[in-house]
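So you can see what is in the structure, the chains are spelled out below.
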Amino acid sequence: MKEEIIIAGFGGQGVLSMGKILAYSGLMDDKEVTWFPAYGPEQRGGTANVTVILSDEKISSPIVDAYDVVIALNQQSLDKFAPKVKKGGILIYDTNGIHKVPEVEDASIYPIDAMTATLEIGNPKAYNMVVLGALLEAMPYKLPKENVVKGLKKSLPERYHHLIPLNEQAIEKGGELLKK
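As a convention, each chain's residues are numbered from 1 in the sequence order in which they are written. With pLDDT at 70 or above as the cut-off, local features in this predicted model cover only qualifying residues; side-chain atom pairs require 80 or more to be listed or tallied, and sums for whole chains, interfaces and linings still use all residues. Only hydrogens and water are set aside; all other atoms, that is, all heavy atoms of the structure, feed into the side-chain values.

S.K.: Can you tell me about the pairing of strand S3 (residues 47-55), naming the residues and giving the values?
M.R.: Judged by how many residues are buried, S3 sits mostly within the fold: eight of nine residues are covered. Bridge analysis of strand S1 (residues 2-10) against S3 gives nine bridges, and the strand direction is antiparallel. Within the sheet, the bridge partner assigned to Glu4 lies in S3 and is Ile53. Strand direction decides the pairing type here: strand S2 (residues 32-39) and S3, joined by eight bridges, are antiparallel. In the strand pairing of S3, Phe36 is matched with Thr51. Relative accessible area decides the class of each residue, using a 1.4 Å probe on protein chains only: under 20% of the type maximum gives buried, over 50% gives exposed, and in between gives partly exposed. The way it works is that DSSP assigns letters per residue, a run of H or I at least four long becomes a helix, a run of E at least two long becomes a strand, and they are numbered from the N terminus. When DSSP finds at least two bridges between two strands, those strands are taken to pair.

S.K.: An account of the layout of surface pockets is needed here, citing residue identities and associated values.
M.R.: Method remark: on a 1 Å grid restricted to protein atoms, a set of points is classed as a cavity if a 1.4 Å probe fits but cannot get out and as a pocket if it is open with protein on both sides within 12 Å along at least five of seven lines; lining residues have an atom within 4 Å of a point. Grid points are joined across faces, edges and corners, and a volume is the space filled by probe spheres set on the points. Taken as a whole, the second largest pocket encloses approximately 260 Å³ of empty space. Along the wall of the second largest pocket there are 14 residues; nearest its centre are Gly133, Leu136, Glu137, Ile171 and Glu172. Those elements that provide at least two residues to the lining of the second largest pocket are helix H4 (127-138), helix H5 (145-155) and helix H6 (164-179). Looking at the lining of the second largest pocket element by element, the count peaks at six residues for H6. Side-chain classes follow a simple rule in which Ala, Val, Leu, Ile, Met, Phe, Trp, Tyr, Cys and Pro form the nonpolar group, Asp, Glu, Lys and Arg form the charged group, and the remainder, Gly included, forms the polar group. Counted by class, the lining of the second largest pocket contains five nonpolar, two polar and seven charged residues.

See the structure below:
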């Protein structure tokens, strides 16, 4: 098993946190893991993406040209990374602010309305967890939920641990978006 995943969007959308939680979850499932962030110098609003590789075997490089899963949270990221989905891969994108969806052949495409789902939960800061829930539902490799919760605890500073139930709810909501 080897899953090469990229999550891309603007800074402030929780892209890097999502990748970190995914990476920690893989480590706790005894997988080989790489977490490779890339972002602009801006604190919020600049581009941000993270490549996460989960594998049963050693990973030779965190640099990837094509991905099993692409998650795009804005038009710029969708334009850049959608063409890099492998045949048989998965493309997930948030429909908010997307004006043109590139054609992707031989891939499963999942448009999700993560922002509306986040508003239904009542906390816009849970946006990235809604998207993470959709990813976890779409991925062929199923990370155990308890590992994802442990990844949340490891990623979040302790002063935010009271938000873990909200984050779990957001992950569930994201998974439901793919089941519809």
